[in-house]
Amino acid sequence: MSGSILHLVLETPGCGSLEILRKGTEDDSPPPLFALPPELSHPQSGGLPLAFDKETGSFDLSLGDPSKFEEAFFFLSHQIDLADQIEATMQFLEQNETLQMGRFLLFLNAPLLLNPPNHFLDWLDAAAHFSDCMLFTARNNENSSAIKAIQDRYLDMRFPMESFLLGKKNAPWSRILDPTPRRLSHVFDSPDLLET
């Protein structure tokens, strides 16, 4: 695969996915680029601000020299419709031909599964439709059965995405960030690969 890889990240509150991904890629050279929506962006984050222009439905971001990074992570916002951000990503990939779609990473904070907010499964089904990997954080004995129920839900529905329980050590980052698609959605795939 030539060019740089763009990964999308969506998380439930409390996951700490930015810190997890920073730690998982700390030995990468060159280091990856992180772009964050306004609610996650602050001076200590070290990421580029990922602004969404509602008028044009596009991301307002300049990546600079594409040779300075091999991977980029765009963190999606909970304050903007997911479908709009997917459309903006497709547009961004068209405008930046050196970028290729990598993985859509969905981080779930396992304690949230014990007392999910209203319509959580509807949101989760929509996010899972685009996801290559579902990554569970903060697993413990209390929430392990809730994690298994979520995993079984998507196995039963035959979603191709992978599922990982993230611990404090030895996450399989080469598998997690392998750009081979494992998502149900084909929106990021080349039309040449799809049957009519």
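Residues numbered from 1 in each chain as written. Predicted model: local features only at pLDDT ≥ 70, side-chain atom pairs only at ≥ 80, totals over all residues. Heavy atoms only, no water.

Peer 1: Residue-level account of the state of the cysteines, with values.
Peer 2: Under the criterion given, the structure shown has zero disulfides. Counting only cysteine sulfurs, Cys133 is the nearest neighbor of Cys15, a cysteine outside any disulfide, at a range of 14 Å. (Disulfide = S-S within 2.5 Å.)

Peer 1: Go over the packing of aromatic side chains, please, and point to the residues and values.
Peer 2: Under the criterion given, the structure shown has eight aromatic pairs. On the basis of an interplanar angle of 15° and a centroid distance of 5.2 Å, the ring pair of Phe34 and Phe73 is categorised as stacked. Placement of the pair is Phe34 in strand β2 (residues 33-36) and Phe73 in strand β6 (residues 71-75), with a sequence separation of 39 residues. Comparing Phe34 with Phe73, the two get one shared label, buried. Ring plane angle 65° and centroid distance 5.2 Å describe the contact between Phe74 and Phe92, whose orientation is recorded as edge-to-face. With Phe74 in strand β6 and Phe92 in helix α2 (residues 82-95), this pair connects stretches of sequence that are 18 residues apart. A connected cluster of aromatic rings, assembled from ring pairs, spans Phe52, Phe59, Phe74 and Phe92. For Arg22, the ring lying beneath its charged end belongs to Phe34, and the centroid distance is 4.9 Å. (Phe/Tyr/Trp six-rings, centres within 6.5 Å; stacked < 30°, edge-to-face > 60°. Helix = DSSP H or I, 4+ residues; strand = E, 2+ residues; numbered from the N terminus. Buried < 20%, exposed > 50% of the residue type's maximum accessible area, 1.4 Å probe, protein only. Lys NZ or Arg CZ within 6 Å of the ring centre and 35° of its normal.)

Peer 1: Residue-level account of the nonpolar core, with values.
Peer 2: Judged by nonpolar contacts, the single largest core of 41 residues is most densely connected at Phe74, Phe104 and Met134. Looking at this core, the elements with two or more residues in it are β1 (4-11), β2, β6, α2, β7 (99-109), α3 (120-130), β8 (133-137) and α4 (144-156). Excluding anything up to four places from it in sequence, Phe104 contacts Leu8, Leu10, Leu76, Leu82, Ile86, Ala127, Phe130, Ser131, Asp132, Cys133 and Arg183. Listed in part, the 17 residues of the second largest apolar core include Leu36, Phe73, Phe107 and Trp173. (Core = buried A, V, L, I, M, F, W, Y, C linked by side-chain atoms within 4.5 Å. Contact = heavy atoms within 4.5 Å.)

Peer 1: Please set out the environment of Asn118 residue by residue, giving values where relevant.
Peer 2: You can see Asn118 is positioned in the loop between β7 and α3. With relative accessibility at 71%, the residue Asn118 sits in the exposed group. For the pair Asn118 and Thr12, spaced 106 residues apart in sequence, the C-alpha separation works out to 14 Å.

Peer 1: Lay out helix α1 (residues 17-24) with the relevant residues and their values.
Peer 2: Burial in α1 covers these residues: Ser17, Leu18 and Leu21. End-on, the buried residues of α1 take up no more than an arc of 100°, which puts them together on one face. Along α1, the residues that are exposed and aim more than 90 degrees away from the buried face are Glu19 and Lys23. The elements touched by buried residues of α1 are β1, β2, β6, β7 and α5 (173-176). (Arc of directions from axis to C-beta.)

Peer 1: So, the sheet that holds β8: which residues are in play, and what are the values?
Peer 2: One key point about sheets: their strands pair by backbone hydrogen bonds, in either a parallel or an antiparallel sense. Read across the open sheet, the seven strands follow the order β3-β2-β6-β1-β7-β8-β9; overall the sheet is parallel. Pairing within the sheet leaves two strands with one partner each, and these edge strands are β3 (48-49) and β9 (162-165). In this sheet, β7 lies alongside β1 in parallel orientation, the contact comprising seven bridges. By the bridge assignment for β7, Leu8 is matched with Phe104. With respect to the sheet, α3 is in contact with β1, β7 and β8, its orientation differing from that of β7 by roughly 155°. (Pairing = 2+ DSSP bridges. Axes fitted to C-alpha atoms, helices over the stretch in contact; angles between N-to-C directions.)

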